[in-house]
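Coordinate analysis (summary)
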Amino acid sequence: TARPLRKVRRRDHVALDLFLVVGTTVIHILLRPEACELLGIASIKMMALTPSSDIRRRRRRNDRRDISRGSRSFVSCAITGATMIQLLILPRIRALGLVPPERLRRLLDSTHRGDAPIQLMPCVYDGLTARLVAQSGFNVTFMTGFGVSSSRGFPDTQLISYHEMLMHADSVAEGLSSAALELSPNAPVAIPCIADGDTGYGNAINVKRTVHGYARSGMAGVMIEDQVSPKRCGHVLGKSVVGFDEAVQRIRAACDARDEYEALFGVKGPLILARTDSLVTDGFEDAIRRCQAFREVGCDMTFLESPTSKDQMREYCERVSGWKLANMLEGGRTPILPPAELQSMGYTMAAYPLTLLSASIKAMRESLDLIHEGKSTCDKILQFSETKDVVGFTKYSKEEQGTNYDVLTIFEK
């Protein structure tokens, strides 16, 4: 009976050796050198638990009790190794394997299933606001056209071009990335961002170019709407929408661009958020019909702009499938509801489009009034050290001091 047990033990030893080789390779690829050194020492200790000489000695003694003990030792090694992989390697693998659209998809899917709370999205418009949202611990954000227009000194009436919006998308993406590197340098993962694509800046071909451009900027999603160009904020007077067929054509073109991007580059294209403003111009039923049609042609998310009551919001969620966005504009047409109530209605995301912009305008006006009156602004502003930290000086200084990029030094080594 001892011979079969010895065969099992030899197989265990081979499996352990294979585990250590593969595990060490993955560790060196995915982890920092310091972690590799520590885990290399741990691997040596694990191998010492069952050395080949000990196994040979057990074979000579033909002691089944020792063989059983050796098997238990291997099991302990395997459990220890599996724990290391689970804690240190798998999170990194998951992060590396998820492009922004897929991260967004998983977040929304978890909320839709009820496994996670509604996704709250304070809206950003530049690199600084993007860094602030990421540093505050939010899972997702939205680049607002209203905010971008305002930051450039214009109202949200599509005076800003596609190129200017794309420049801000690049700035937002850089802000999110830099914040991720500071928050988790060993496994940085930038939170996903949905970009405001307005009307797509032209016909269906322009819509496709808009989606492709935002995808290259690292945006996880793109919102396309059915207003007549030049469009304007959905909560102001004077807006109008294109016909039903043209609206659906825009969304179909955006979905085609999403799929083309995946075919071209082998990664998921940005999710498509289809927005309709027809509730104000053509009534609630027309707005629901458009949202349903948008879903039929393949959009991932819908956004019914400017519902004026809880009943409208609830009925929209009941009659339209898929992920849905609630627009929580303070002072706008839509009731401001608690996140839990929005989720109970069926919303997946809640956007706060102007909160950061309005708060900053208020703070700047108050500070300007104090300066004009010759009074101190100390109670209105951050400490200089905190301001430096928010914008990235702390991280920059540490990296500058801890990294030597001197060319002569590198060649001397």
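Everything numeric here is computed off the predicted structure, so don't read it as measured data.

Cut-off values and rules
- Residues numbered from 1 in each chain as written.
- Predicted model: local features only at pLDDT ≥ 70, side-chain atom pairs only at ≥ 80, totals over all residues.
- Heavy atoms only, no water.
- Helix = DSSP H or I, 4+ residues; strand = E, 2+ residues; numbered from the N terminus.
- Buried < 20%, exposed > 50% of the residue type's maximum accessible area, 1.4 Å probe, protein only.
- Contact = heavy atoms within 4.5 Å.
- Areas by Shrake-Rupley, 256 points an atom, 1.4 Å probe, with all protein chains shown as cover.
- Polar contact = N/O pair within 3.5 Å; in protein donor to acceptor, adjacent residues only side chain to side chain.
- Pairing = 2+ DSSP bridges.
- Axes fitted to C-alpha atoms, helices over the stretch in contact; angles between N-to-C directions.
- Right-handed = clockwise from strand over helix to strand, strands pointing away.
- pLDDT = per-residue confidence, 0-100.
- Core = buried A, V, L, I, M, F, W, Y, C linked by side-chain atoms within 4.5 Å.
- Phe/Tyr/Trp six-rings, centres within 6.5 Å; stacked < 30°, edge-to-face > 60°.
- Lys NZ or Arg CZ within 6 Å of the ring centre and 35° of its normal.

Moving on to the overall build of the protein. Of regular secondary structure, the protein possesses 18 helices and eight strands. Looking at the 413 residues of the protein, the share that counts as buried comes to 45%. Of the contacts formed within the protein by residues at least 6 apart in sequence, a portion of 71% connects residues at least 24 apart. When the accessible surface of the protein is summed, it comes to about 21,600 Å², and 57% of that surface belongs to carbon and sulfur atoms.

Attention shifts here to the side chain of Asp300. Within the fold, Asp300 resides in the loop between helix H12 (284-296) and strand E6 (301-304). Take Asp300: its relative accessible area is 10%, and that puts it in the buried class. Separated by 2.9 Å, the side chains of Asp300 and Arg258 make a polar contact. Polar contacts involving the side chain of Asp300 include one to the main-chain amide nitrogen of Ile272, which spans 2.8 Å. Not counting residues within four places of it along the chain, the set of residues in contact with Asp300 comprises Arg105, Arg258, Leu271, Ile272, Arg295 and Trp323.

Here eight strands make up a closed barrel; going around it, the order is E1-E2-E3-E4-E5-E6-E7-E8 and the pairing parallel. Pairs of neighbouring strands in the sheet enclose a mean axial angle of 25 degrees, with direction left out of account. Along the sheet, helix H9 (residues 204-216) contacts strand E2 (141-143), strand E3 (193-196), strand E4 (221-225) and strand E5 (271-276); its crossing angle with E4, the most-contacted strand, is approximately 155 degrees.

Turning our attention to the pairing of strand E1 (residues 119-124). Every other side chain in a regular strand lies on the same face of the sheet, so the side chains alternate between the two faces. Most of E1 sits inside the fold, with five of its six residues counted as buried. One ladder, built from four bridges, connects E1 with strand E8 (residues 349-352); its direction is parallel. When the sheet's bridge partners are listed, Pro122 is paired in E8 with Tyr352. Where E1 and E2 come together, two bridges link them in parallel fashion. Its bridge partner lying in E2, Val124 is registered against Met143. Read from E1 through helix H6 (residues 127-135) to E2, the crossover connection turns out right-handed.

A low pLDDT means the predicted coordinates there should not be read in detail. Residues with a pLDDT of 70 or more make up 74% of the protein, whose mean pLDDT is 84. Confidence drops under pLDDT 50 across residues 28-50; counting only partners more than four residues distant or on other chains, this segment forms 30 contacts. Here residues 92-96 scores under 50 on pLDDT; set against residues more than four positions off or in separate chains, the count is eight contacts.

Attention now goes to the nonpolar core. Judged by nonpolar contacts, the single largest core of 46 residues is most densely connected at Met143, Leu176, Tyr214 and Ile251. Looking at this core, the elements that each hand over two or more residues are H6, helix H8 (162-183), E3, H9, E4, helix H10 (244-265), E5 and H12. Broken down by element, this core gets its largest block of residues, nine residues, from H8. Filtering out sequence-adjacent residues up to four positions away, Leu176 remains in contact with Ala130, Ala134, Thr141, Ala190, Ile191 and Cys193. Membership of the second largest hydrophobic core comes to 19 residues, among which are Leu304, Cys317, Ala326 and Tyr347.

Moving on, we get to the packing of aromatic side chains. The final tally for this structure, using the stated rule, is four aromatic pairs. Where Tyr162 meets Tyr201, the ring centres are 5.6 Å apart and the plane angle is 45 degrees; that geometry is what we call tilted. Separated by 39 residues along the polypeptide, Tyr162 in helix H8 and Tyr201 in the loop between E3 and H9 bring together distant segments of the chain. Each member of the pair, Tyr162 together with Tyr201, is buried. Taking the centre distance of 6.4 Å and the plane angle of 85 degrees together, the rings of Tyr162 and Tyr214 count as edge-to-face. Pair noted here: Tyr162 is in helix H8 and Tyr214 is in helix H9, with a separation of 52 residues, a long-range link. With respect to class, Tyr162 is no different from Tyr214; both count as buried. Each residue in the set Tyr162, Tyr201 and Tyr214 is aromatic and connected to the rest through ring pairs, giving one cluster. The side chain of Arg289 reaches across the aromatic face of Phe244, ending 3.7 Å from its centre.

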